[in-house]
Amino acid sequence: MDRRRAPPPPAVRAAPVLGRAVPAGGRRHPRVARGLSRFLPQLEPELRPGDRILVLGCGNSALSHDLHERGYTDVTSIDFSPACIAAMRARYAHCPGLRWAVMDIRALAFPDASFDVVLEKGTLDVLMVNETDPWEVSPQAAAAMRRVLAEVSRVLRPGGCFISITFAQPHFRKPHYAQEAFGWSLRHAACGDGDAGAFHYFLYVMRKGQPLDPRDVALGHRLHRPP
């Protein structure tokens, strides 16, 4: 089989540390850019009033504000862009429970066990944006993903959960999440808009302190097999 790489994808106006990828000259897909409302039925069972929530790669999404409006008032949102964080801080200055910080998702400046929930919506996808073969992720991309997930695990309290919302299908994304070193369980659900022609997205929930299913452990081992 000819395994030569395809030409690289279009340039993105974001470095891998940004926590979001936007095609050059364009915007996020509108389905990704929406706020919390379409995800609420799946998220609500995982969230409790009073949870300390961290949103990774917030960009200019209304997600953090939507959480605040639904009673989750302890929300910290980070992004690599100072301009973005300044704009969001000004836009939601009337919401004192919302905090904003410029930060690299690979090196979170929070103490261990700082949050009950870490939430990302399309943020980790930027780590794979330059990959041309989803079946054979480069060691660099795999290492970057592992570094971010290790930081997420570190800042989660025991019993807390990491929630990832993405278009990435389970056979591509689960091996990254299914690492025993992170100390969490893993489950996922396919979600959609009820429209047969609509894109489906996937909700991944990792619960800190619960064991991985042996089948997921086997998936995680695939990333470390020798070539």
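Residues numbered from 1 in each chain as written. Predicted model: local features only at pLDDT ≥ 70, side-chain atom pairs only at ≥ 80, totals over all residues. Heavy atoms only, no water.

As a reminder of what qualifies: UniProt positions are given in the numbering used here, feature names are shortened, and annotations may be inferred rather than shown by experiment.
As named in an unreviewed UniProt entry, the protein is EEF1A lysine methyltransferase 4, taken from Malurus cyaneus samueli. Regarding the protein, the relevant UniProt record gives this comment under Sequence similarities (unreviewed entry): "Belongs to the methyltransferase superfamily."

**Some remarks on the packing of aromatic side chains**
Selection rule: Pairs were defined over the aromatic rings of Phe, Tyr and Trp, the Trp ring being its six-membered one, requiring ring centres within 6.5 Å. Orientation was assigned from the angle between planes: stacked under 30 degrees, edge-to-face over 60, tilted for the rest. Burial status follows relative accessibility: with a 1.4 Å probe on protein chains alone, a residue under 20% of its type maximum counts as buried, one over 50% as exposed, and anything between as partly exposed. Secondary structure elements are defined from DSSP: runs of H or I of at least 4 residues count as helices, runs of E of at least 2 residues count as strands, and each element is numbered from the N terminus.
This model, assessed by the stated rule, comprises seven aromatic pairs. An angle of 15 degrees between the planes, with centres 6.0 Å apart, marks the rings of tyrosine 92 and tryptophan 100 as stacked. The residues tyrosine 92 and tryptophan 100 share a single accessibility class, namely buried. Their ring planes at 70 degrees and their centres at 4.8 Å tell us that tryptophan 135 and phenylalanine 172 sit as a pair that is edge-to-face. Within this pair, whereas tryptophan 135 is found in the loop between β4 (115-121) and α5 (139-155), its partner phenylalanine 172 is found in helix α6 (residues 170-177), the two being separated by 37 residues in sequence. Exposure remark for phenylalanine 172: the relative accessible area of 23% places this residue in the partly exposed category. An aromatic cluster is defined as three or more aromatic residues linked by ring pairs; in this entry it consists of Phe162, Tyr177, Phe182, Trp184 and Tyr204.

**Some thoughts on the pattern of salt bridges**
Where we set the bar: A side-chain nitrogen of Lys or Arg and a carboxyl oxygen of Asp or Glu constitute a salt bridge if their distance falls within 4 Å.
Considering all chains together, one arrives at twelve salt bridges under this definition. Linking arginine 173 and aspartate 125 is a salt bridge whose minimum nitrogen-to-oxygen distance equals 2.9 Å. With arginine 173 in helix α6 and aspartate 125 in the loop between β4 and α5, this residue pair connects regions lying 48 residues apart in the sequence. Across the pair arginine 215 and aspartate 213 runs a salt bridge, and its minimum N-O distance is 3.0 Å. Given the relative accessible area of 29%, aspartate 213 is considered partly exposed.

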